[in-house]
Amino acid sequence: MPPRRSGPRLPPWGNVTVLFDQFKNAPRVVLQRLGDEEEARRPLPVSGVLAAVWTLGVGLAVLTTLTLIGWMAAPRGAFAEGLPGVFRTACLIWLAAHHTGFAIPGGAVGMLPLGLMALPGFLLYRAGLWMARDADLRVRIPVRSSEESPEDAENTRRRAQLVLVVQAGVSLAAPYAMLAGVIALVARNEVVQPFLGEALISHFALAFATGSIATARTIGPWRSMLRLLPERPRSLVLGTAAALGIMLVAGMALVLGAITVSFGEIRRLTDALDPGFIGGLLLLIVEALYLANAAIWSLAYMAGPGFAVGAGTLVAPTGVKLGAVPSLPLLGALPSSGAAPAWALTVVAVPFAAGVVAGVVVARVAPTASLEAAPLWGVGCGVTTGAAAGLLALLSGGPLGGARLTVIGPSAWEVAFSVALEVGVSAGISAGFVNWWLVGRRPAGEPDRERVSALRAVLRRLRRGRDRALPGHWLDAAEADTQPLPVIRDDRAGDPVAGTAGEAARANRVAPAQPGRPEIVDETDDRGGHVIYVDPYAWDKN
């Protein structure tokens, strides 16, 4: 009778899982045998290529499956070429999801749904997180030099971390853009010809942005990502985000209100198209994807310039002039031609209100001792907000064929100028007032310099407390190199045992043991001080 095998029994699929794990970890095993175990990790460019291939493969698989379902529902419709046409259509949808336009007979198509960018954006973000962990972007915690001030050390770590984030973004974006060029060439036919230049630029920009954000996200909580920026750029980023977010939320509320009021007209246009069940479902999805474009158009409406729905048309708070519009039921929510009602002018106050909030944020994040400089930073926040609004206006519009449909959407430079002026003026006033409230008011006889120094010290301590990593959070390269090193002193008040152990340790220059704390690694510096470092990979050693 053969002897029994000891140990846990594997399920039927256990051998397959083991083989897959061995295949996945084969490069690491080879590197461990060839060199140092600490360096046994994939290079960042290799992880970037794998992440780009994974994103493209998953995205095309999802879109091909959905397109195949549509082909089976209507085999004699738009997919007359059979299965090759299904795959080519999926490639075109994938390119459109990255805002890549294409030429058609008699014109071009550039007004693409921004909501479709959510699919590649999500996949790229997940791929960026995987890339950062697969490449093992960990940096050894450096020993702080006694001659280096805390501010210099923080700036050095911040610069090194920004370089790491940029390298990770490029490592993902470069191969992703090259693969996009191949997809653009595959999707070409006699009717539709994607623009190769737009495909390369849009794919690189989206992958770089999401890859950089994903790499920075590995630092810790979202609020810790802002520590990568210096104080003044951080204030501009937060102020711009606040102003732009308020205007976009107000724009979306205006769109939903217009849809609710004009629901009867939208339903009438839908019934006139008679799309059927499958076609009606696809039409509903397309309209939902265009809601982001509509919110940006509402932002342009509130800013004053408005938007066009064809050559010679205008929808603005001062009046509406429309002609024949495309047969999209969502456009049934547009106001009728003629003078705008009186309440329409009230929406112009939204950019000014957003500017007031942005100025408060700028002054709170980075107060300045010079009272006349704070309004200038508020105006600078208005300029950055206008640039961001102009970019969104450029992406939300574009041609939708030939003839009159070559001009659809808001004018980018008009929106940028109007938003910069409205937000900048209100942000400058509010930033100056809040900065005076924080810094300018002082007791009689107290020097301004001491008041400002005390205020900055308090604000610095508060920010360090807020930006501290959460307990038990996994620290990788970014956080290990940017978070301040935790120091635990042995001479704790009210603890004679710890105090005695600390004195003995300092006398013998030997760190006391920390029972039950495997994540603590004790080291002794050259000056006899006791510093305790947190091992970010202790969880992997248990």
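Everything that follows concerns the structure shown earlier in this document.
Just so you know, the residues in each chain are numbered from 1, in the order the chain's sequence is written. Per-residue local features are limited, in this predicted model, to residues with pLDDT of at least 70; the limit for side-chain atom pairs, both in listing and counting, is 80 or more; totals at the level of whole chains, interfaces and linings are taken over all residues. Processing note: side-chain calculations cover all non-hydrogen atoms of the structure and skip hydrogens and water entirely.

## Quick notes on the environment of Arg158
Within the element layout of this structure, Arg158 appears in helix 6 (residues 150-186). Between buried and exposed lies partly exposed: a residue is buried under 20% and exposed over 50% of the maximum accessible area for its type, with that area taken using a 1.4 Å probe on protein chains only. Under the relative-accessibility criterion, Arg158 is labelled buried at 10%. In this structure, Arg158 is in contact with Arg227, Leu228, Leu229, Pro230 and Arg234, ignoring residues within four places of it in sequence. Put simply, DSSP H or I for four residues or longer makes a helix, DSSP E for two residues or longer makes a strand, and each gets a number counted from the N terminus. The contact rule is simple, with two residues in contact once any of their heavy atoms fall within 4.5 Å.

## Considering the packing of aromatic side chains
Only rings of Phe, Tyr and Trp enter the pairing, Trp through its six-membered ring, and a pair is recorded when the two centres are within 6.5 Å. The plane angle decides the type: under 30 degrees is stacked, over 60 is edge-to-face, the rest tilted. For the structure on display, the rule yields four aromatic pairs. For the pair Phe433 and Trp436, a centre-to-centre distance of 5.8 Å together with 40 degrees between the ring planes defines the contact as tilted. Here Phe433 pairs with Trp436, and both are found in helix 15 (residues 412-440), just three residues apart, close to one helical turn. Here Phe433 falls in the exposed class, since its relative accessible area comes to 52%.

## A few points about the sheet that holds strand 3 (residues 193-194)
Pairing within the open sheet is antiparallel, and its four strands lie in the order 3-1-2-7. Edge positions in the sheet fall to strand 3 and strand 7 (400-401), since each has one partner strand and no second. DSSP bridges decide pairing: two strands pair if at least two such bridges lie between them.

## As for the environment of Met247
Along the chain, Met247 turns up in helix 9 (residues 231-261). On the accessibility criterion, Met247 (0% relative accessible area) is buried. A C-alpha to C-alpha distance of 9.5 Å links Met247 and Ala300, two positions 53 residues apart in sequence. Ignoring any residue separated from it by four or fewer positions in sequence, one finds Met247 in contact with Leu299, Met302, Val350, Pro351, Ala354, Thr385, Val419 and Val423.

## Focus: the pattern of salt bridges
If the charged atoms of two oppositely charged side chains come close together, the side chains can form a pair. Any Lys or Arg side-chain nitrogen located within 4 Å of an Asp or Glu carboxyl oxygen qualifies as a salt bridge. By the definition in use, this model includes one salt bridge. Here Glu265 ties to Arg268 by a salt bridge, and the two come within 2.5 Å at their closest N and O atoms. In this pair, Glu265 and Arg268 are both assigned in helix 10 (residues 263-273), three residues apart and thus about one turn of the helix distant.

## Comments concerning a nonpolar patch on the surface
For patches, a residue must show more than 30% relative accessible area and have no salt bridge; joins then use 9 Å for like charges and 5 Å for nonpolar side chains, namely Val, Leu, Ile, Met, Phe, Trp and Tyr. All accessible areas in this document rest on Shrake-Rupley with a 1.4 Å probe, and a residue is counted as covered only by the protein chains that are shown. A surface patch of nonpolar side chains, about 620 Å² in accessible area, is lined by Phe277, Ile278, Leu281, Leu282, Leu284 and Ile285. Relative to the helices and strands, Phe277 resides in helix 11 (residues 276-289).

## Let's talk about the nonpolar core
By size, the foremost hydrophobic cluster in this structure holds 39 residues, and its most contacted members are Met247, Leu299, Phe307, Val415 and Val419. Sorting the residues of this core by element identifies helix 9, helix 12 (291-303), helix 13 (349-365), helix 14 (373-396) and helix 15 as the ones contributing at least two each. If you tally residues by element for this core, the top one is helix 12, at seven residues. Apart from the residues within four sequence positions on either side, Leu299 is in contact with Leu244, Met247, Leu248, Ala389, Val415 and Val419. Among buried residues, those of type Ala, Val, Leu, Ile, Met, Phe, Trp, Tyr and Cys that are joined through side-chain atoms within 4.5 Å constitute a nonpolar core.

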